[in-house]
Amino acid sequence: MQRGLPMQPTVVLLKEGTDTSQGTPQLLSNISACLAVAQTLSSTLGPRGMDKLIVNERGEAQITNDGATILKLLDIVHPAARTLVDIARAQDAEVGDGTTSVVLLAAQFLKEVRGYIEEGVSPHVITKGFRKASQLALDRIKDIQVIVDKSNPERFRSLLLKCASTSMSSKLIHSEKPFFSEMVVDAVQCLDPEDLDESLIGIKKIPGGGMQDSLLVRGVAFKKTFTYAGAEQQPKSFKNPSILSLNVELELKAEKDNAEVRVEAVSDYQAIVDAEWEIIYRKLEAIKKTGAKVVLSKLPIDIFCAGRVPSADLRRVCQAVGGSVQSTCFDIGPEHLGTCGRFEERQIGGERYNIFEDCPKAKTCTLLLRGGAEQFIEEVERSLHDAVMVVKRALKNGEVVAGGGAAEMNLSAYIRKHALQIPGKTQLIMTAFAKALEIIPRQICDNAGLDSTDVLNKLRMRHAAGDKYYGVDVDGPEGVRDNLEAFVWEPALVKVNAISSATEAACLILSVDETVRNPQSEQPNPGPRAPPGAAQRALRGRGRGIPRR
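Quick notes on the rules
- Along every chain, residues carry numbers that run from 1 in the direction the sequence is written.
- Local features in a predicted model are, by the rule used here, given only for residues with pLDDT of at least 70; side-chain atom pairs are given and counted only at 80 or more, and totals for whole chains, interfaces and linings are based on all residues.
- To obtain the side-chain values, all non-hydrogen atoms of the structure were included, while hydrogens and water were left out.
- Secondary structure elements are taken from DSSP: a helix is a run of H or I of four residues or more, a strand is a run of E of two residues or more, and numbering for both begins at the N terminus.
- Helix span, expected: 1.5 Å multiplied by one less than the number of residues in the helix.
- Note on definitions: a residue-residue contact is assigned when non-hydrogen atoms from the two residues lie within 4.5 Å.
- The way it works is a 1 Å grid over only the protein atoms, where trapped points that fit a 1.4 Å probe form a cavity and open points with protein on both sides within 12 Å along at least five of seven lines form a pocket, and then any residue with an atom within 4 Å of a point lines it.
- Grid points are joined across faces, edges and corners, and a volume is the space filled by probe spheres set on the points.
- Gly falls in the polar group here, along with every residue not listed as nonpolar (Ala, Val, Leu, Ile, Met, Phe, Trp, Tyr, Cys, Pro) or charged (Asp, Glu, Lys, Arg).
- DSSP bridges decide pairing: two strands pair if at least two such bridges lie between them.
- Angles run from 0 to 180 degrees between N-to-C directions of axes, and those axes are lines fitted to C-alpha atoms, restricted for helices to the stretch in contact.
- Orientation categories follow fixed angle ranges, with anything under 35 degrees roughly parallel, anything over 145 roughly antiparallel, 65 to 115 roughly perpendicular, and all other angles oblique.
- Less than a right angle of anticlockwise turn of the near helix away from the far helix marks a crossing as left-handed, whereas a clockwise turn marks it as right-handed.
- Here a pair means two rings of Phe, Tyr or Trp (six-membered ring of Trp) with centres within 6.5 Å. Their orientation is stacked below 30 degrees between planes, edge-to-face above 60, and tilted elsewhere.
- Relative accessible area decides the class of each residue, using a 1.4 Å probe on protein chains only: under 20% of the type maximum gives buried, over 50% gives exposed, and in between gives partly exposed.
- Look at NZ for Lys and CZ for Arg. If either is within 6 Å of the ring centre and within 35 degrees of the ring normal, a charge sits over the ring.

Novice: How would you summarise helix 8 (residues 266-290) if you had to cite specific residues and measurements?
Specialist: The terminal C-alpha atoms of helix 8 lie 37 Å apart, and with 25 residues this matches the ideal 36 Å at 1.5 Å per residue to within 8%. Looking at the buried side of helix 8, the elements it contacts are strand 9 (242-246) and strand 10 (294-297). Positive phi appears at Gly291, one or two residues downstream of helix 8, with a value of about 85 degrees.

As structure tokens, this is what we get:
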């Protein structure tokens with residue numbers, strides 16, 4: 001009798017219910033998820049891009065066409081598609097503009113090589129081709145960029161205005177581009193040219209009025225904070241005042257933790273009250289001796305006064321007027337105080353604002369935005385943030401490229417021509433990369449209602465003839481124009497960052513061939529499980545004496 005083979009034991013490696021998917025189908029599934037994200041964003045690109053109205057679970061509505069904001073609000077859960085969210089956020093933090101472009105490019109790179117994946121081409125071959133094409137593109141940007149001479153202040157300011165204007169052309173505020181471009185460039189030029197910290201540009205939103213009622217304060221402005229009775233009798237305007245910034249409470253406060261004080265007589269109670277007031281009077285006397293006319297504090301305060309000032313605003317006040325935040329009222333010298341040319345409390349819309357102007361050390365400014373709906377002002381704020389970042393980058397580097405798809409078309413033509421000299425599969429991958437770059441001008445045409453095939457053929461012809469600055473013209477009858485002459489300019493850094501980030505994201509998604517989902521992670525906030533026996537140990541000894549050892 002033949003003995004049967006011994007049975008192989010079943011090896012249980014992962015917890016029951018764990019979902020694993022791997023191989024080519026998994027890779028194609030990830031690519032499809034990225035394409036779905038890009039499809040959502042594609043209609044927002046360019047000067048004729050549409051806006052998205054997004055309502056969250058609390059019923060709050062936001063209207064925006066900023067790529068990073070849309071992806072943040074959509075709350076995407078697909079693990080591969082979240083890579084696109086990350087690159088959009090990185091682009092927003094690093095450059096401020098080009099967030100939609102970077103997502104569209106990454107998704108289009110994947111779409112162009114999808115057929116090769118299905119035919120069995122190794123993802124490593126594709127990744128290698130992508131990296132080679134990306135390096136060629138970055139080198140080509142250095143050849144086609146225009147360096148603006150910073151020694152001529154008028155011409156350089158004109159460059160900054162063009163960059164700010166191009167950044168706003170796809171936003172809700174495109175109808176007021178000249179007004180807001182001036183405001184943004186003035187705001188960035190207020191900053192310290194060494195570090196250009198954009199967080200020192202305060203933005204305050206005041207509902208009501210029109211967009212043209214917005215104003216730039218070359219100093220600090222913040223909403224009137226909490227005041228006590230008698231505050232209206234205080235003077236509302238000073239010239240050259242001394243300003244003291246504190247981190248000290250100057251009010252009677254209720255005791256915490258239900259503290260209890262037992263008194264035998266009314267006089268004892270009065271003595272406690274008098275002692276509390278005496279502490280405050282001593283602090284006030286010390287402040288009066290400093291000669292300060294305006295006192296600001298993060299904590300509650302009951303003299304003039306702005307108490308409970310937000311810490312970001314207090315930091316900006318110190319940057320503008322000098323001095324430093326003090327954590328005591330005693331031993332304050334003149335070197336601890338700041339000053340400004342003029343301080344006043346002014347009515348703006350339905351709010352009163354404290355405004356510090358003509359600050360001697362002003363390396364900060366405040367944009368006061370006006371508008372009808374709350375959502376509209378929020379979108380204006382996001383648009384101005386993008387423009388501020390673009391102007392900041394242009395101010396630091398001074399290198400620009402032609403916008404409107406001109407740079408992408410030139411890179412595409414250059415890489416396609418170079419790829420013909422390379423043997424093997426890499427040639428196909430680089431050609432696919434070159435074709436993917438054309439998604440930017442193609443989408444701008446589609447969103448503007450132009451015939452994208454016709455316009456792209458004209459652009460290919462122009463770039464083959466050496467007209468390297470020709471891009472899409474959404475207004476003219478031809479559909480194409482020299483965008484450098486038309487002042488559609490973007491910082492070269494926007495393109496460099498977008499192409500390198502999109503390539504890295506595409507390579508990352510192509511390198512993933514298996515996804516393992518833990519079933520516990522699908523539940524909302526499952527929390528760690530308690531170790532076995534923890535409940536018994538917790539109950540042991542409760543209700544009866546613990547025996548001595």
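That was the structure; now back to the text.
Novice: An account of the layout of surface pockets is needed here, citing residue identities and associated values.
Specialist: Quantified by volume, the largest pocket comes out at close to 740 Å³. Looking at the largest pocket, it is lined by 42 residues, and the ones nearest its centre are Gly46, Pro47, Thr166, Ser169 and Ser170. Mapped by element, the contributors of at least two residues to the lining of the largest pocket are helix 4 (99-118), helix 6 (153-168), helix 13 (439-448) and helix 15 (492-510). Among the residues making up the lining of the largest pocket, the classes are represented as 13 nonpolar, 16 polar and 13 charged. Looking at the second largest pocket, it is lined by 16 residues, and the ones nearest its centre are Ser42, Gln108, Lys111, Ile439 and Gln443. Residue assignment for the lining of the second largest pocket shows that the elements contributing at least two residues are helix 1 (24-42), helix 4, helix 12 (425-437) and helix 13. For the lining of the second largest pocket, the leading source of residues is helix 4, giving five residues. For the lining of the second largest pocket, the per-class residue count stands at six nonpolar, four polar and six charged.

Novice: Got a sec to walk through the sheet that holds strand 6 (residues 215-217)? Specific residues and values, please.
Specialist: Taken together, three strands build an open sheet; the order of strands is 5-15-6 and the sheet is mixed. Both outer strands of the open sheet, strand 5 (201-207) and strand 6, are each paired with one neighbouring strand and no more. Direction aside, the axes of adjacent strands within the sheet are offset by 20 degrees on average. When strand 6 meets strand 15 (residues 365-371), the two strands line up antiparallel, connected through three bridges. Opposite Leu216, over in strand 15, you have Leu367 as the bridge partner. Contacts from helix 10 (residues 374-397) reach strand 5 and strand 15, with the element oriented near 160 degrees to strand 5.

Novice: Can you lay out the sheet that holds strand 16 (residues 399-402) for me, pointing to particular residues and giving the numbers?
Specialist: Reading across from one edge, 4-16-19 is the order of the three strands in this open sheet, with antiparallel pairing throughout. At either margin of the open sheet sits one strand with a lone partner, and together these are strand 4 (146-147) and strand 19 (489-491). Sheet topology note: the strand 4/strand 16 ladder contains two bridges and is antiparallel. Residue pairing in the sheet places Val146 in a bridge with Val400 of strand 16. Against the sheet, helix 15 makes contact with strand 16 and strand 19, and its axis sits at roughly 60 degrees relative to strand 19, the strand it touches most.

Novice: Quick rundown of the environment of Thr453? Include the residues and the values.
Specialist: If you trace the backbone, Thr453 turns up in helix 14 (residues 452-464). In the structure, Thr453 is positioned 11 residues away from Arg442 in sequence and 7.7 Å away in space, judged by C-alpha atoms.

Novice: Go over the packing of helix 11 (residues 406-419) against helix 12 with me, naming the residues and quoting the values.
Specialist: Two elements in contact, helix 11 and helix 12, have axes separated by 8 Å at closest approach and are oriented at 165 degrees. Taken together, the axes of helix 11 and helix 12 lie roughly antiparallel to each other. The handedness of the crossing between helix 11 and helix 12 comes out as left-handed. Where helix 11 abuts helix 12, its residues Glu408, Leu411, Ser412, Ile415, Arg416, His418 and Ala419 lie against Gln427, Met430, Thr431, Phe433, Ala434, Lys435 and Leu437. Residue composition of the contact of helix 11 with helix 12, grouped by class: seven nonpolar, four polar and three charged.

Novice: Residue-level account of the packing of aromatic side chains, with values.
Specialist: All chains considered together, the criterion is met by six aromatic pairs. On the basis of an interplanar angle of 75 degrees and a centroid distance of 5.2 Å, the ring pair of Phe179 and Phe180 is categorised as edge-to-face. By relative accessible area, Phe179 is classed as partly exposed at 24%. A ring pair is formed by Phe487 and Trp489, whose centres lie 5.5 Å apart and whose planes are at 70 degrees; its orientation type is edge-to-face. Stacked on the ring of Phe487, the Lys or Arg Lys162 has its end atom at 4.3 Å from the ring centre. The ring of Trp489 carries the charged tip of Lys162 above its face, separated from the ring centre by 6.0 Å.

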